[in-house]
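Chain by chain, the residues:
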Amino acid sequence: WPRSHIGTETLRLVEFTAFMEWQNELAMFKEQHRFVHIDPTPMCEPPLEMVDIRQIYDKFPEEGGGLRDLYDQGPPHAFFLVKFWADLSFSLLGEEPGGSGGAFYGVSSRYEGPRALTLNCTSKVCSFGKQVVEKLETAEPAHWEDGRYVFRMQRSALCEYLINFIRKLRTLPEKQMMDSVLENFTILQILRDQETQELLLCVAFVFEVSASELGAQHHIYRLGRD
Ligand code: G9O
């Protein structure tokens, strides 16, 4: 059925941000740069367009437990695709703020739903369709807020692979070169109920670099197979 956001009747993604934070030594406060973000969307947005999931099978692991197997197991309405135009614009300023190693790279996300479950998130970072990093995280215990349960994963540190990947990407002189590297870089996030292992959401991320004046952008699709 038509949906305008990443979510099912059991779990909805409300907010998602990957960022970098550093201490501004002069002004004595923390500065943050958001590479990508999804902000809470009003429920009245138009329904999501569908992308055929077969078009992206080869961007993710294909052997046992790959995207095809996951989709075959379903439920099919829990599969989404996000195309991010990441904001790497400040890379043009040269030296990384805070000097080498001074910055914190993190991801924060928020989900909500009607059931007080323990939410597990597996992230698979893929290069040329092969998994290079897998990370399993558990959300903070659900808490009841305004008539639904809220699940948070706050300031989860990005793995070294991603930090190095972003640093190297930023050294490339042209957006076009960054985009061609990003053609072979994808991330899959699978959210499950820890107790039952029921798949609640599966979100595939693909990337391009944003034209610097636009800042981070994204477009959400639902994944399907006719
Ligand atoms: C152009 C690159 C932008 C990078 C955005 C990163 C999105 C982060 C997605 C969450 C991955 C978490 C898995 C992990 O390994 N964390 O360390």
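Residues numbered from 1 in each chain as written. Predicted model: local features only at pLDDT ≥ 70, side-chain atom pairs only at ≥ 80, totals over all residues. Heavy atoms only, no water.

Chemist: How would you sum up the overall build of the protein? Please name residues and give values.
Modeler: The helix and strand tally for the protein stands at 3 helices and 12 strands. In terms of overall dimensions, the protein is globule-like: its C-alpha atoms have a radius of gyration of 18 Å, near the 17 Å expected for 226 residues. Reported as C-alpha extents along the three principal axes, the dimensions of the protein are approximately 50 × 40 × 35 Å. A burial count over the protein gives 50% of its 226 residues as buried. Contacts in the protein between residues far apart in sequence, at least 24 positions, make up 73% of those at least 6 positions apart. With an accessible surface of roughly 11700 Å², the protein has 52% of that area assigned to carbon and sulfur atoms. One way to put it: in the protein the 23 positive side-chain charges average out to a point 2 Å from where the 33 negative ones average out. (Helix = DSSP H or I, 4+ residues; strand = E, 2+ residues; numbered from the N terminus. Rg over C-alpha atoms; globule rule 2.2 N^0.38 Å. Buried < 20%, exposed > 50% of the residue type's maximum accessible area, 1.4 Å probe, protein only. Contact = heavy atoms within 4.5 Å. Areas by Shrake-Rupley, 256 points an atom, 1.4 Å probe, with all protein chains shown as cover. Lys, Arg positive; Asp, Glu negative; His and termini not counted. Charge placed at Lys NZ, Arg CZ, Asp CG, Glu CD.)

Chemist: Describe the site of the ligand, and please don't skip the residues or the numbers.
Modeler: Neighbouring the ligand are 16 residues; Ser123, Lys135, Ala157, Leu158 and Cys159 lie closest to it. At a separation of 2.4 Å, an oxygen atom of the ligand approaches a polar backbone atom of Cys159. Across the complex, the protein chains shield 99% of the 500 Å² of accessible surface that the ligand would expose by itself. Only β1 (12-24), α2 (160-171) and β10 (185-193) provide two or more residues apiece to the shell around the ligand. Ranked by the residues each element gives to the shell around the ligand, the list is headed by α2, at 3 residues. (Near = heavy atom within 4 Å. Polar contact = N/O pair within 3.5 Å; in protein donor to acceptor, adjacent residues only side chain to side chain.)

Chemist: I'd like a description of the confidence of the model for the protein, backed by residues and values.
Modeler: Counting all residues, the mean pLDDT for the protein is 91, and 92% of those residues have values of 70 or more. Under a pLDDT of 50 for its full length, residues 91-95 has, in the predicted model, 2 contacts with residues more than four places off or in other chains. This prediction of the complex comes with two scores: 0.93 for pTM and 0.94 for ipTM. (pLDDT = per-residue confidence, 0-100.)

Chemist: Quick one: what's the story with unusual backbone geometry, residue by residue and with numbers?
Modeler: A cis geometry characterises the amide bond from Gly74 onward to Pro75, with omega recorded as 5°. Turning to its location among the elements, Pro75 is positioned in the loop between α1 (67-73) and β4 (79-86). Look at Asp146: it is not a glycine, yet its phi comes out positive at around 50°. On the secondary structure map, Asp146 appears in the loop between β8 (143-145) and β9 (148-157). Positive phi outside glycine occurs at Gln197, with the angle close to 65°. Secondary-structure assignment places Gln197 in the loop between β10 and β11 (199-209).

Chemist: Which residues make up the environment of Leu13, and what values go with them?
Modeler: Among the structural elements, Leu13 can be located in strand β1. Judged by its relative accessible area of 9%, Leu13 falls in the buried class. The residues contacting Leu13, other than those within four sequence positions of it, are Ile6, Ile38, Arg110, Tyr111 and Leu201.

Chemist: Give a description of the sheet that holds β4 that names residues and reports values.
Modeler: Note on sheets: strands pair through backbone hydrogen bonds, and any given pair is parallel or antiparallel. What the 7 strands build is an open sheet, ordered β3-β12-β4-β11-β10-β6-β7; its pairing is mixed. Either end of the sheet is taken by a strand with one partner, and the two such strands are β3 (50-52) and β7 (130-138). Going across the sheet, the axis of each strand differs from the next one's by a mean of 25°, ignoring polarity. With 9 bridges connecting them, strand β6 (residues 119-127) and β10 associate as antiparallel partners. The partner of Val125 across the bridge, within β10, is Ile187. Against the sheet, helix α3 (residues 175-182) contacts β10 and β11, and its axis sits at roughly 150° relative to β11. (Pairing = 2+ DSSP bridges. Axes fitted to C-alpha atoms, helices over the stretch in contact; angles between N-to-C directions.)

Chemist: Just give me the short version of the packing of aromatic side chains, but keep the residues and values in it.
Modeler: Taken as a whole and judged by the stated rule, the model has 11 aromatic pairs. Their ring planes at 50° and their centres at 6.1 Å tell us that Phe19 and Phe104 sit as a pair that is tilted. Of this pair, Phe19 sits in strand β1 while Phe104 sits in strand β5 (residues 104-113); the two residues are 85 residues apart in sequence, bridging distant segments of the chain. Classification of Phe104 as partly exposed rests on a relative accessible area of 28%. Between Phe84 and Phe207, the aromatic rings sit 5.8 Å apart at their centres with planes inclined by 25°, giving stacked as the arrangement. (Phe/Tyr/Trp six-rings, centres within 6.5 Å; stacked < 30°, edge-to-face > 60°.)

Chemist: Quick one: what's the story with the nonpolar core, residue by residue and with numbers?
Modeler: Counting residues in each nonpolar core, the largest one holds 47 residues, and the members touching the most others are Ile6, Tyr111 and Leu119. The element best represented in this core is β11, accounting for 6 residues. With residues near it in sequence (within four places) discarded, Leu119 still touches Leu11, Tyr111, Glu137, Thr138, Ala139, Phe151, Met153, Leu191, Arg192 and Leu200. In terms of nonpolar packing, the next biggest core, distinct from the first, is built from 20 residues, Ile56, Leu188, Cys202 and Tyr221 among them. (Core = buried A, V, L, I, M, F, W, Y, C linked by side-chain atoms within 4.5 Å.)

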